[in-house]
Amino acid sequence: MTNPLFQKDIISIADLSRSELELIVTTAQSIKKKPRPTLLSGKVIASCFFEASTRTRLSFETAVYRLGGSVIGFDSGGNTSLAQKGETLADSVNVIGSYSDAFVMRHPQDGAARLASIHANVPVINGGDGANQHPTQTLLDLFSIYETQGTLEGLKIAMVGDLKYGRTVHSLTQALALFGCEFFFVAPEALQMPAYLCEELDSAGVSYQFSNELEAVLPQLDVLYMTRVQKERFDPTEYQHMKSQFVLSATMLHDVKPNFRILHPLPRVDEITTDVDATPYAYYFQQAENGVYARQALLALVLTEDL
Amino acid sequence: MNKLQVEAIEHGTVIDHIPAGMGVRILKFFQLTDNGERITVGLNLRTSDGGSKDLIKVENTTFSKEQADQLALFASSATMNLINNFEVVDKYQVQLPQSIDRILQCPNSNCITQHQPAQTRFYVNHSNCTPTLKCQYCEKSFSVGLFKELN
Ligand SMILES: [Zn+2]
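Residues numbered from 1 in each chain as written. Chains lettered and ligands numbered in written order. Predicted model: local features only at pLDDT ≥ 70, side-chain atom pairs only at ≥ 80, totals over all residues. Heavy atoms only, no water.

Points about the interface of chain A and chain B
- With 16 residues of chain A at the contact, the number on the chain B side is 13 residues.
- In total, chain A and chain B occlude about 1,200 Å² of area from one another, counting both sides; carbon and sulfur atoms represent 47% of this.
- For the chain A face of the interface with chain B, the top three residues by lost area are Gln109, Asp110 and Leu115 of chain A, together amounting to 45%.
- Applying the counting criterion to the chain A and chain B interface returns 2 salt bridges.
- Where chain A meets chain B, there are 9 residue pairs in polar contact (both at pLDDT 80 or more). (Contact = heavy atoms within 4.5 Å. Buried area = accessible area lost by both parts, 1.4 Å probe. Salt bridge = Lys/Arg side-chain N within 4 Å of Asp/Glu carboxyl O. Polar contact = N/O pair within 3.5 Å; in protein donor to acceptor, adjacent residues only side chain to side chain.)

Dropping the structure here:
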């Protein structure tokens with residue numbers, strides 16, 4: 001049976017159905033259990049980073065090598081002759097696509113991956129386009145949640161930190177909304193979830209509540225998704241006050257459920273104190289490792305007809 | 001009162017019932033003056049119900065339904081009258097389309113369409129009383145008022 005993601009572009013989480021998300025997550029799990037070191041042998045994957053992003057690039061390239069594929073590409077578009085000669089993105093994608101079986105790209109401008117997908121003859125995988133989408137981050141988040149909870153269905157999840165500007169939080173919320181999860185949005189008022197997203201949740205009948213007290217919601221949760229609040233967004237006294245409400249420390253974890261897990265897209269600064277790392281609830285380092293499995297799953301599905 | 005208050009045309013299109021004040025904007029936005037045909041514009045014309053409207057006549061030009069529907073963004077009440085031999089041979093009211101292609105520029109300055117050659121497409125969200133447009137590329141939604149005329 002042809003898998004539904006075969007030869008498909010992966011540009012935005014909103015393009016993926018609930019069953020496609022499940023397929024990616026379960027494929028990631030099966031590859032993690034049983035590696036497939038020759039699945040992509042003979043395949044060439046272009047890894048084109050028009051903007052530097054070391055961890056995402058290394059994670060993608062590791063995923064290709066672990067499946068037996070080869071990588072061509074560049075790690076910073078500004079240094080390439082493409083940029084110096086002023087070639088359009090459409091032409092670059094067209095040519096590099098003709099050398100390769102799939103095109104992984106990161107670009108500083110919003111919507112670049114969609115534009116590339118219109119011009120490429122091979123599937124385009126978005127490794128982040130400006131402030132817009134970073135779908136593989138969401139896929140690894142979903143995989144980590146699935147792995148720790150055994151399901152994506154009906155979970156109680158708190159999103160904490162900068163919910164206004166955090167694109168990872170937005171996509172993850174949209175994806176989890178397809179699975180009947182219930183949300184707690186914990187953020188300073190100025191950084192709360194944008195209205196358009198709440199309207200989307202309303203019209204989908206998804207239940208959510210706002211809070212500005214992290215500790216109060218912890219005992220109800222299955223998953224806590226922490227993000228960083230940038231200090232620059234506040235004046236120093238405001239920041240000190242805010243820190244006391246939105247910093248997670250080990251002492252706050254006395255009443256949590258046994259299946260409770262903490263995720264964070266990393267890097268963290270000081271929103272999770274290091275004493276949390278040793279608790280059974282911390283899962284952010286495994287989550288980072290899961291990025292490779294989620295990207296392996298995606299590449300495998302996009303390039304293998306009957307996986 | 002059906003008599004048009006500006007000179008009749010032999011062949012072409014009359015865009016009627018444009019809300020007063022929108023006529024000039026529509027001319028600019030849809031670059032109607034670009035094809036060199038004679039255009040007659042009536043602004044603040046009295047209507048039978050005591051209100052006022054704008055009206056645009058473009059000679060020797062017909063619009064596809066798709067092109068005409070894009071006018072609905074600014075003039076949901078507009079009607080298109082196709083004229084042949086001084087007679088109205090077809091008449092219909094514009095309707096908001098599913099998407100607006102090519103004619104608008106994305107208001108997001110970091111959108112790829114502002115930096116690379118691309119044909120823009122905006123998906124129309126009809127669910128609110130004031131429609132919003134979502135960019136196919138950067139996936140951001142904007143209200144109609146935020147769009148500028150193409151230069
Ligand atoms: Zn845009």
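Examining the packing of helix 6 (residues 135-149) of chain A against helix 11 (residues 284-303) of chain A
All names here are of chain A.
- Look at helix 6 against helix 11: their axes get within 8 Å of each other, and the N-to-C directions meet at 110 degrees. Classified by the angle their axes make, helix 6 and helix 11 are roughly perpendicular. Once helix 6 is placed against helix 11, the crossing between them reads as right-handed. In contact with Thr136, Gln137, Leu139, Leu140, Asp141, Phe143, Ser144 and Glu147 of helix 6, helix 11 contributes Gln287, Asn290, Gly291, Tyr293, Ala294, Arg295 and Leu298.
- Grouping the constituent residues of the contact of helix 6 with helix 11 by class yields 6 nonpolar, 6 polar and 3 charged. (Axes fitted to C-alpha atoms, helices over the stretch in contact; angles between N-to-C directions. Helix = DSSP H or I, 4+ residues; strand = E, 2+ residues; numbered from the N terminus. Parallel < 35°, antiparallel > 145°, perpendicular 65-115°, else oblique. Left-handed = near helix turned anticlockwise from the far one by under 90°. Nonpolar A, V, L, I, M, F, W, Y, C, P; charged D, E, K, R; others polar.)

Here's the deal with the environment of Cys135 of chain B
Residue and element names in this part refer to chain B.
- Within the element layout of this structure, Cys135 appears in strand 8 (residues 132-135).
- Looking at Cys135, the relative accessible area reads 2%, which means it is buried.
- Taking the C-alpha atoms as reference points, Cys135 and Ala75, separated by 60 residues in sequence, lie 21 Å from one another.
- Beyond its immediate stretch of four places on either side in the chain, Cys135 contacts Cys106, Cys111, Arg121, Phe122 and Lys140. (Buried < 20%, exposed > 50% of the residue type's maximum accessible area, 1.4 Å probe, protein only.)

Details of the UniProt feature "binding site: carbamoyl phosphate" (unreviewed entry) in chain A
Residues and elements named next belong to chain A.
- In the UniProt entry, the feature "binding site: carbamoyl phosphate" (unreviewed entry) is given for Arg55, Thr56, Arg106, His134, Gln137, Leu266 and Pro267.
- Relative to the helices and strands, Gln137 is located in helix 6.
- Excluding its chain neighbours within four sequence positions, the residues that come into contact with Gln137 are Thr168, Tyr225, Pro265, Gln287 and Arg295.
- Assignment of secondary structure puts Pro267 in the loop between strand 9 (261-263) and helix 11.
- Residue Pro267 is classed as exposed on the basis of its relative accessible area of 54%. (UniProt positions renumbered as here; feature names shortened; annotations may be inferred.)

Focus: the UniProt feature "binding site: Zn(2+)" (unreviewed entry) in chain B
- Mapped onto this numbering, the UniProt entry annotates "binding site: Zn(2+)" (unreviewed entry) at Cys106, Cys111, Cys135 and Cys138 of chain B. Across 33 residues in sequence, these annotated residues keep their C-alpha atoms within 8.9 Å of one another, forming a single compact spot.
- Among the structural elements, Cys106 of chain B can be located in the loop between strand 6 (99-101) and strand 7 (121-125).
- On the basis of relative accessibility, which here comes to 1%, the residue Cys106 of chain B falls in the buried class.
- Apart from the residues lying within four places of it in its own chain, the contact partners of Cys106 of chain B are Cys111, Thr113, Gln114, Phe122, Cys135, Cys138, Phe142 and Phe147 of chain B.
- Secondary-structure assignment places Cys138 of chain B in the loop between strand 8 and strand 9 (141-143).
- Using a relative accessible area of 1% as the deciding quantity, one classes Cys138 of chain B as buried.
- For Cys138 of chain B, the contacting residues outside a window of four places in its chain are Asp110, Gly111 and Asn132 of chain A together with Cys106, Asn108 and Cys111 of chain B.

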